[in-house]
Amino acid sequence: MNPRVSCFSPEALAFLRALKRHNDRDWFKPRKEKYEALLRAPMIALVERLAADFRSFAPDLVASPKTSLYRIYRDTRFSANKAPYKTHVAAVFPPRSLPKHQGAGLYFHVSPTEVWVGGGMYAPDTSQLQAVREHIAVNVKRLRSIVGSSAFRRTVGPLEGERLQRVPRGFPKDHDAAEFLRYRQFLAGHEFPPAFATRPGFYDAVLKVFRQVAPLTRFLNEPLRKG
């Protein structure tokens, strides 16, 4: 595998489109080796390349094929949709000191309809969200400097995520951090068209987004690491 892989082949996207049309085991099983070559192998190479680059700007996040790569197989036990396979490939880069899917991390996926690159905190539990809000309340200038910087906004736009209609209980309505205290999720990223994954500049674009979002993930994880 070429460790300098920078994008996917057009055949990889064509495979995902075909899988979306033929999402069943009879179609996938004889084509599993093709999936491994077109999609899994490039994903492994991209994650390994990111692991090297993370050392300079996100050493607090894990980038390894074993931890980062999502399996192609769907868990259909509690779903009305019994399609056995995901029709996208994805990788997550969680914080080293917290369990997977907890805290803030980076993420990207490639699907037949879009490429999304970004990160943040998707589903914090009640105690984590409270810790983050208390952290924001006393460090709002730092958060504002991260998400309000021209480079951040130019690369990923404004901070996104579900929000409460009002400032949560325990904080003054006119708190200086009121706009951020209302967030229940803290997300930032950029959506590209699916064909972008096949262009030579794909990897550099992923890296550019991650460089802007990493300071946000680090900020959000600070109060959780203290705990």
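Our subject is the structure listed above.
Residues numbered from 1 in each chain as written. Predicted model: local features only at pLDDT ≥ 70, side-chain atom pairs only at ≥ 80, totals over all residues. Heavy atoms only, no water.

**A look at the pairing of strand β2 (residues 105-110)**
Every other side chain in a regular strand lies on the same face of the sheet, so the side chains alternate between the two faces.
Working step 1: By the criterion of burial, β2 is predominantly enclosed, with 5 of the 6 residues buried.
Working step 2: In this sheet, strand β3 (residues 115-121) lies alongside β2 in antiparallel orientation, the contact comprising 6 bridges. Looking across to β3, one finds that Phe108 is bridged to Val117.
Working step 3: Linking two consecutive strands that pair antiparallel, namely β2 and β3, is a turn of 4 residues. (Buried < 20%, exposed > 50% of the residue type's maximum accessible area, 1.4 Å probe, protein only. Helix = DSSP H or I, 4+ residues; strand = E, 2+ residues; numbered from the N terminus. Pairing = 2+ DSSP bridges.)

**Things to note about helix α9 (residues 202-226)**
Working step 1: Given a rise of 1.5 Å per residue, 25 residues ought to cover 36 Å, and the 36 Å separating the end C-alpha atoms of α9 matches this to within 8%.
Working step 2: For α9, the principal kink sits at Val213 and spans about 35 degrees; a proline, Pro215, occurs within the next four residues. (Expected span 1.5 Å × (residues − 1). Bend = angle between axes of the 7 residues up to and from the residue.)

**Regarding the nonpolar core**
Working step 1: Judged by nonpolar contacts, the single largest core of 73 residues is most densely connected at Phe8, Phe54, Phe93, Phe108, Val110, Phe202 and Phe210.
Working step 2: If you tally residues by element for this core, the top one is α9, at 13 residues.
Working step 3: Once residues within four sequence positions are removed from consideration, Phe54 is found in contact with Pro59, Leu61, Ala63, Phe93, Leu106 and Phe210. (Core = buried A, V, L, I, M, F, W, Y, C linked by side-chain atoms within 4.5 Å. Contact = heavy atoms within 4.5 Å.)

**Details of the sheet that holds β3**
Working step 1: Strand order across the open sheet formed by 4 strands is β1-β2-β3-β4, with antiparallel pairing between neighbours. A single partner strand is all that each edge strand has here, and the edge strands are β1 (89-93) and β4 (186-192). The sheet shows a mean angle of 10 degrees between the axes of neighbouring strands, direction not considered.
Working step 2: Across the face of the sheet, helix α3 (residues 32-57) comes into contact with β1 and β2 while running at roughly 20 degrees to β1. (Axes fitted to C-alpha atoms, helices over the stretch in contact; angles between N-to-C directions.)

**Considerations on the packing of aromatic side chains**
Here a ring pair, both rings aromatic, is described through the centre-centre distance and the interplanar angle of the planes.
Working step 1: Tallying each qualifying case throughout the model produces 20 aromatic pairs.
Working step 2: Geometrically, the ring pair formed by Phe93 and Phe210 is edge-to-face, given 5.7 Å between the ring centres and 70 degrees between the ring planes. In this pair, Phe93 is assigned in strand β1 and Phe210 in helix α9, connecting sequence segments 117 residues apart.
Working step 3: Residue Phe93 is classed as buried on the basis of its relative accessible area, which comes to 0%.
Working step 4: A relative accessible area of 0% means that Phe210 is categorised as buried.
Working step 5: Plain terms: the ring middles of Phe196 and Phe202 are 6.3 Å apart, the flat faces sit at 65 degrees to each other, and that makes the pair edge-to-face. When sorted by exposure, Phe196 lands in the same class as Phe202, which is buried.
Working step 6: An aromatic cluster of at least three residues, connected via ring pairs, comprises Phe8, Phe54, Phe57, Phe93, Phe108, Phe192, Phe196, Phe202 and Phe210.
Working step 7: Arg49 extends its terminal NZ or CZ atom over the ring of Tyr203, reaching a point 3.9 Å from the ring centre. (Phe/Tyr/Trp six-rings, centres within 6.5 Å; stacked < 30°, edge-to-face > 60°. Lys NZ or Arg CZ within 6 Å of the ring centre and 35° of its normal.)

**Looking at the pattern of salt bridges**
Working step 1: Summed over the entire model, instances satisfying the criterion amount to 7 salt bridges.
Working step 2: Arg142 serves as the salt-bridge partner of Glu222, at 2.8 Å between the closest nitrogen and oxygen. Here Glu222 is found in helix α9, whereas its partner Arg142 is found in helix α6 (residues 140-147), with 80 residues between them in sequence.
Working step 3: The partly exposed category is assigned to Arg142, whose relative accessible area is 36%.
Working step 4: Among the salt bridges present, the one from Glu179 reaches Arg144, with a minimum N-O distance of 3.0 Å. (Salt bridge = Lys/Arg side-chain N within 4 Å of Asp/Glu carboxyl O.)

**Here we look at the pairing of β1**
Working step 1: Taking burial as the measure, the 5 residues of β1 include 5 buried ones, the bulk of the element.
Working step 2: Judged by which residues are buried, β1 turns out to be covered on both faces: Val89, Ala91 and Phe93 on one side and Ala90 and Val92 on the other are all buried.
Working step 3: Here β1 runs beside β2; their pairing, made up of 5 bridges, is antiparallel. Bridge pairing in β2 links Ala91 to Phe108.

Without other data, these values stay purely geometric and don't point to any function.
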